[in-house]
Amino acid sequence: MSNSYETIKVSQHGKLGLIALNRPKVLNAINRPMVSEILDAMEGFEADSSIKAIVLSGNGRAFAAGADIDEMANDQAIDLELRNQFKDWDRLAMIKKPIIGAVQGFALGGGFELALCCDLLYAADNAEFGFPEVNLGVMPGAGGTQRLTKLVGKTKALEWLFTGKRITAKEALQHGIVNQLIAEELLLEETMKAAEQIANQAPISIRLIKEAVLKAVDTSLKEGMEFERKNFYLLFSTEDQQEGMNAFIEKRKPQFKGK
Amino acid sequence: MFETVKYEVANGVAWITLNRPDKLNAFTEQLNKEVQQSIKQASGDKEVRCLVITGEGRAFCSGQDLQGVNEDMDHGEVLRRFYNPMVLELHKCKKPVIAAVNGVAAGAGMSLALACDFRLLSDKASFLEAFIHVGLVPDAGNLYFLPKLIGHAKAMELAVLGEKVNAQEAKELGLATKVIPMEKWQDEITAFAERLASMPTAAIAIIKKNLKASWESTLEESLERDAQGQRLAGLTLDHKEGVSAFMQKRRPVFQGK
C-alpha cells in the first residue's frame, strides 16, 4: 500500500482501516486517480490481517459531489470502452472485508455510487444523495441504476433517476439506503464505534455473511439457500466457531482469532 | 442591500425589520425573498447569535399584499416559489429566532411569527387568521406550527372562526412568551434578544434540533438523539466555561462554541 496518495488520506485505527476522500476543494469529486487510489488502499487493507473492517468517509463539507465532469466532457464512446473506465469499480465490489461508509453533505452521482459500494452506511442529518446525471444528458455508469434499484425497488429508483432530484438523509433512511442518521459533528466518531463492533466479531463469520448476503442480491432463492448452507457448514471448520460456542456454554465472552 | 427589509447587526443580534410600513408590511414576492435572504445571511454570520424579526410602523405583517392578487394567480405556485422557501430557511436556522410582534400579525404574517422560536408581543399586537374571511386556508406552515403551539382544538377555533386574538389572549393560549407595554417595547425586546445572544447558543442549536425532531420520533429515537446531543454539548467550550464558572462562583461568559 502506498503512503503517498494524492486524492485520499489513509490511516489505521486499531482494527479499522480508514480511507478519507481528500479533494475538499472540489467537494471530493471523484476522478479516475481517486478511484484507483481507493481501490489500492482497500486492497492493502484487504491483505493486512490486522485490519478487520474498512471505513470510507468524505472530508470537509461533502462525501463526494459527483464525478469530475471536466475529465470526461470530451470522451468518445470508444475511448471509454477501450479505457475500461469502470474496471476499478468492479474490483471494489470484490473486497471481502466489511466496508462501512460515513456520508456527510453531498453524495451525488459517482459519489452516491461509491456510497452504494459500502456494506453499511451511516449518514449525517445534512446528507443529500442523488443522481443528477440525467441533467447532463447521461446516466449513472458505475452501478447506480443497478444498486439503487436493488436497494429501494423500481418505483423510487426511476423517480430519482428520471428527475435527478435530491434524496434527503431522512428519505434515505426511510428507504433503507442508510442504516442510521447521526449528528453531523459526531458522524465519524459514531461510525468508527459501529465499525469497531463489527471488527470485534468473528472475522470469518463476518466475511461469509457478507458473501452470502451479496449473493442474495443477485441470485435465485434456491441457489442462495444452497450457497448459505455451504458457508454455514464451512464455519464449523473454524476455531472461532468452537470458541464462540464454548464461550456461550461457559457463559463468558469469546476471544475470536479469525481462524 | 435590501429594499423591503431593514437588516442590522448589533451586539450579536441580527435585526430583520419588515419595512413596508405604509402597506402594514404586507408580503410581496420581493419581501418574501428578502426575508429569506436576510435569515440566510444571519444564519451564516458568525457574529450573529440570535435573530429578531419585527415590523416597521404599527403592524408586524398583514399577510399577502392583496394588490398582487388577481384571478389568474396560481396560489399554490406563489406559495411554492416565495413563501415555502422563506419558511424552510427560517425552520432550518440553528440560531434562536424571536418574532417581536409589534402590531397586527395577520394571515401569512401570523404564519411567519408562528415559525419563530419565541414570540414577544407588544400590548398593541394581535393575531388574526384572516384567510377564512376571503375563503382561503391558513398557509406558509400556519397549520403545521399552530397545533404544535396551542393544541388541535384551539388551532381549529382560530383557523376556522378567524377571530382576532389580542395580546393578552395570545399569552393565555401560549402564543406569547411575554406581553410588553409599548413604552418599554424596544428596551425589553433588545434585552431579551441580547440575553439569548449571550447564552450557550451551540447548546440552543441542539435543543432546537432535538425539539423539532421530537414530533416525529419514538422514545428510543429521542433517547439516542439526547445521547448524541449531550455528547456534542459536552464538547463545547461553553460547557467547560459553565462548569468552571460554577466552581469559581462567578458569572459564565458564553461564546456559542
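A quick note: this is a predicted structure, and the numbers were derived from the prediction, not measured.

(A) Just the packing of helix α6 (residues 144-152) of chain A against helix α7 (residues 154-163) of chain A, in detail. Residues and elements named next belong to chain A. Two numbers describe how α6 lies on α7: the axes approach to 7 Å, and their chain directions differ by 140 degrees. In terms of orientation, α6 lies oblique with respect to α7. Only K154, K156, A157, W160 and L161 of α7 make contact with α6, whose side of the interface consists of T145, L148, T149 and V152.

(B) Quick look at the sheet that holds strand β4 (residues 59-61) of chain B. Residues and elements named next belong to chain B. Spatially, β4-β6-β8-β9 is the arrangement adopted by the four strands of the open sheet, whose pairing is mixed. Because the sheet does not close on itself, it has two edges, and the strands there are β4 and β9 (165-166). As defined by bridge partners, β4 adjoins strand β6 (residues 104-106) across two bridges and the pair is classed as parallel. The residue of β6 that forms the bridge with C61 is A105.

(C) Quick peek at the interface of chain B and chain A. On the side of chain A, ten residues touch chain B, which itself brings seven residues to the contact. Carbon and sulfur atoms make up 45% of the surface buried where chain B meets chain A, a total of about 690 Å² over both sides. The three residues of chain B that bury the most area against chain A are Q228, R231 and L232 of chain B, which together make up 61% of that side's buried surface. Summed over the shared surface of chain B and chain A, the result is three salt bridges. Seen at the junction of chain B and chain A, the total is four residue pairs in polar contact (both at pLDDT 80 or more). Ranked by the residues each element gives to the side of chain B that touches chain A, the list is headed by helix α9 (residues 219-234) of chain B, at four residues.

(D) The arrangement of the pattern of salt bridges in detail. In the structure shown here, the tally under the stated rule is 26 salt bridges over all chains. In the salt-bridge network here, residues are joined through shared partners; they are R32, E71, D75 and R83 of chain A.

(E) Geometry of the environment of T201 of chain B. Structurally, the position occupied by T201 of chain B is in helix α8 (residues 201-214). In this structure, T201 of chain B is in contact with R49, P96, L196, D238 and G256 of chain B, ignoring residues within four places of it in sequence.

(F) The domain arrangement of chain A, seen in detail. Residues and elements named next belong to chain A. Along its sequence, chain A is carved into domain 1 (8-199) and domain 2 (203-249). The C-alpha-based centres of domain 1 and domain 2 are spaced at 26 Å. Taken together, the contacts link nine residues of domain 1 with seven residues of domain 2. In terms of surface lost to domain 2, no three residues of domain 1 exceed K96, D119 and K150, which account for 58% of the buried area on that side. Our count for the contact surface shared by domain 1 and domain 2 stands at two salt bridges. Where D119 meets K210, a salt bridge forms, and the shortest distance between an N and an O atom there is 2.8 Å.

(G) Representation of the packing of aromatic side chains within the structure. All names here are of chain B. Tallying each qualifying case throughout the model produces eight aromatic pairs over all chains. Between Y144 and F145, the ring centres sit 5.0 Å apart and the planes meet at 85 degrees, which makes this aromatic pair edge-to-face. Its end group placed over the ring of Y144, K148 keeps NZ or CZ at 3.6 Å from the ring centre. The aromatic ring of W215 is capped on one face by K148, whose charged end is 5.2 Å from the ring centroid.

(H) Main features of the pairing of strand β2 (residues 13-18) of chain B. Residues and elements named next belong to chain B. Of all six residues in β2, six are buried; the element is thus mostly enclosed. Covered by surrounding structure in β2 are V13, W15 and T17 together with A14, I16 and L18, the residues of both alternating faces. Where β2 meets strand β3 (residues 50-55), six bridges bridge the pair, whose relative direction is parallel. Note on β3: the bridge partner recorded for W15 is V52. A crossover connection joins β2 to the parallel β3 through helix α1 (residues 29-44); in handedness this β-α-β unit is right-handed.

(I) Local environment of unusual backbone geometry. Positive phi, normally seen in glycine, also occurs at N28 of chain A, with a value near 55 degrees. The topology assignment puts N28 of chain A in the loop between β2 (16-21) and α1 (32-47). A relative accessible area of 0% places N28 of chain A in the buried class. Although it is not a glycine, A140 of chain B adopts a positive phi angle of roughly 55 degrees. Tracing the backbone through its elements, the reader meets A140 of chain B in the loop between β8 (126-128) and α4 (142-150). Taking the relative accessible area as the measure of exposure, A140 of chain B reaches 6% and is therefore buried.

(J) A look at the domain arrangement of chain B. All names here are of chain B. Annotation of chain B at the domain level lists domain 1 (5-197) and domain 2 (201-247). One C-alpha centre belongs to domain 1, the other to domain 2; they are set 27 Å apart. In this assembly, 13 residues from domain 1 lie in contact with seven residues from domain 2. Of the roughly 780 Å² buried at the junction of domain 1 and domain 2 (both faces included), carbon and sulfur atoms supply 55%. Summed over the three residues of domain 1 that lose the most area to domain 2, namely H91, K94 and K148, the buried surface amounts to 49% of that side. Linking domain 1 with domain 2 are one salt bridge. When the shortest N-O distance is used, the salt bridge between K208 and D117 registers 2.7 Å.

(K) The side chain of R23 of chain A, seen in detail. All names here are of chain A. As for its position among the elements, R23 is in the loop between β2 and α1. Residue R23 is classed as buried on the basis of its relative accessible area, which comes to 19%. With near-sequence residues (within four places) excluded, R23 lies in contact with T7, N28, A29, I30, N31, M34 and D68.

Conventions adopted
- Residues numbered from 1 in each chain as written.
- Chains lettered and ligands numbered in written order.
- Predicted model: local features only at pLDDT ≥ 70, side-chain atom pairs only at ≥ 80, totals over all residues.
- Heavy atoms only, no water.
- Axes fitted to C-alpha atoms, helices over the stretch in contact; angles between N-to-C directions.
- Helix = DSSP H or I, 4+ residues; strand = E, 2+ residues; numbered from the N terminus.
- Parallel < 35°, antiparallel > 145°, perpendicular 65-115°, else oblique.
- Contact = heavy atoms within 4.5 Å.
- Pairing = 2+ DSSP bridges.
- Buried area = accessible area lost by both parts, 1.4 Å probe.
- Salt bridge = Lys/Arg side-chain N within 4 Å of Asp/Glu carboxyl O.
- Polar contact = N/O pair within 3.5 Å; in protein donor to acceptor, adjacent residues only side chain to side chain.
- Domains from an automatic or database assignment.
- Phe/Tyr/Trp six-rings, centres within 6.5 Å; stacked < 30°, edge-to-face > 60°.
- Lys NZ or Arg CZ within 6 Å of the ring centre and 35° of its normal.
- Buried < 20%, exposed > 50% of the residue type's maximum accessible area, 1.4 Å probe, protein only.
- Right-handed = clockwise from strand over helix to strand, strands pointing away.

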